[in-house]
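Spelled out, the chains give:
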Amino acid sequence: MEPMNIRKAWFIAAGGVLFSLLFSGCNLFDAVDTTLAARTVDQRVDEGRLALNSGDFPLAKEIFDSLAKEGEGGIETIRGQGEAIAGLGGFSLLSVLDALQNGSGPYDKSPVTFKTAKQTSNRPYLETAVKLLMQNPMPVQSDLIARALMRLVSAVRVLLDKYDTNRNGRLESNDEIDFDTNDKNTPSWVDLYKDLVTGPSSTDSTLEQTFLDLVNGFDGQGATWTFITPVEGRLLTGQYTPSNRATILAVGDLVNRLQAANPVFEVNLSSFSVAIMNLDGAE
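Residues numbered from 1 in each chain as written. Predicted model: local features only at pLDDT ≥ 70, side-chain atom pairs only at ≥ 80, totals over all residues. Heavy atoms only, no water.

Visitor: Help me understand the pattern of salt bridges, please; the structure alone is not making it clear to me.
Guide: When charged atoms on two side chains of opposite charge get close, those side chains can pair. This structure, assessed with the given rule, holds 15 salt bridges. Here arginine 39 ties to glutamate 47 by a salt bridge, and the two come within 2.3 Å at their closest N and O atoms. Look at arginine 39 and you get partly exposed, because its relative accessible area is 47%. A salt bridge links arginine 234 to glutamate 232; the nearest nitrogen and oxygen atoms lie 3.9 Å apart. On the basis of relative accessibility, which here comes to 54%, the residue glutamate 232 falls in the exposed class. (Salt bridge = Lys/Arg side-chain N within 4 Å of Asp/Glu carboxyl O. Buried < 20%, exposed > 50% of the residue type's maximum accessible area, 1.4 Å probe, protein only.)

Visitor: I tried to follow the pairing of strand 1 (residues 223–228) on my own but got confused; where do I start?
Guide: Within a regular strand, side chains alternate between the sheet's two faces. Relative to strand 2 (residues 235–240), strand 1 runs antiparallel, the two being bridged by six bridges. Residue pairing in the sheet places alanine 223 in a bridge with tyrosine 240 of strand 2. If you look at the hairpin formed by strand 1 and strand 2, you'll find six residues sitting between the two strands, and glycine 233 has a positive phi there, around 70°. (Pairing = 2+ DSSP bridges. Helix = DSSP H or I, 4+ residues; strand = E, 2+ residues; numbered from the N terminus.)

Visitor: Honestly, the side chain of lysine 162 in this entry has me stumped. Any pointers?
Guide: Inspection of the secondary structure puts lysine 162 in helix 9 (residues 141–163). For lysine 162, a relative accessible area of 0% corresponds to the buried category. Within the structure, the side chain of lysine 162 is placed 2.6 Å from the backbone oxygen of threonine 181, a separation counted as a polar contact. Beyond its immediate sequence surroundings of up to four residues, lysine 162 is in contact with Thr181, Asn182, Asp183, Thr186, Pro187, Ser188, Trp189 and Leu192. (Polar contact = N/O pair within 3.5 Å; in protein donor to acceptor, adjacent residues only side chain to side chain. Contact = heavy atoms within 4.5 Å.)

Visitor: Is there a simple way to explain the nonpolar core in this structure?
Guide: Nonpolar side chains tend to gather and get buried jointly when the protein is soluble and globular. Formed by 57 residues in total, the largest nonpolar core has its most connected members in Leu149, Met150, Trp189, Leu254, Leu258 and Ile276. In terms of residues, this core owes the most to one element, helix 9, which gives 13 residues. With sequence-adjacent residues up to four places away left out, leucine 258 is seen in contact with Leu159, Trp189, Tyr193, Leu196, Val197, Leu207 and Leu279. Core analysis: the second largest hydrophobic core is formed by eight residues, Val45, Leu52, Ala60 and Ala84 among them. (Core = buried A, V, L, I, M, F, W, Y, C linked by side-chain atoms within 4.5 Å.)

Visitor: Mind showing me how you'd approach the environment of isoleucine 75 here?
Guide: Mapped onto the secondary structure, isoleucine 75 falls in helix 5 (residues 74–88). Placed 58 residues apart in sequence, isoleucine 75 and leucine 133 show a C-alpha to C-alpha distance of 9.2 Å. Ignoring sequence-local partners within four residues, the contact set of isoleucine 75 consists of Asn136, Pro137 and Met138.

Structure below.
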């Protein structure tokens, strides 16, 4: 057969096969259609949650960032973005609770909060996560607990970053504590005190808010208890287990110790240094 006739026969055969496939209901592009088919917002949110639950924080962040860029997903997107960024920063809620409520006590005092400092490898990530989660207009109890503990970890981390000058994980006499310690690398005391205690806060959440979030987040089981918030003095009553009550009181004690340091700032260096060391253990 001549070359021209061979090519003509091949095209006729190929056309016949394609015609047959089309009319038999078989779609050659099924696989492509499945891959390119637009997923619903709910499906993408579910994929993001699965990524979070499996610890794939980069994928979770990619999914929720995409949803946020499109203005989709609402609260689930805010929650997902915050949790993904916190995860990238090394945060684990269960590990933080374990540090606060297991091991050696006392569990209702400021020093126990410093056991959570290792629960982040990137403080700016954690602070970004808190700011995102504070945008949630309708947080459920788990949201309140998560953002509160993220804020607590970032707070103790920045205090150590500033005043633990010998980098041994403690605030002690061997640290070079002064009125302007590490001001070039961390907020000044004045800014730090505003950020943690009085506001306004760079994360939209002071430790007063952390206290409130834990009071509301932990409420529901245990004995009735009334708390007084450390800054505004608000009375809040609910039901709390002994462990959860102790965690709330530990945050309040941290705020009280920060408040004790503030009046002697730029007044008496010795007293200020002792007050800073008292944050994580000097009794």
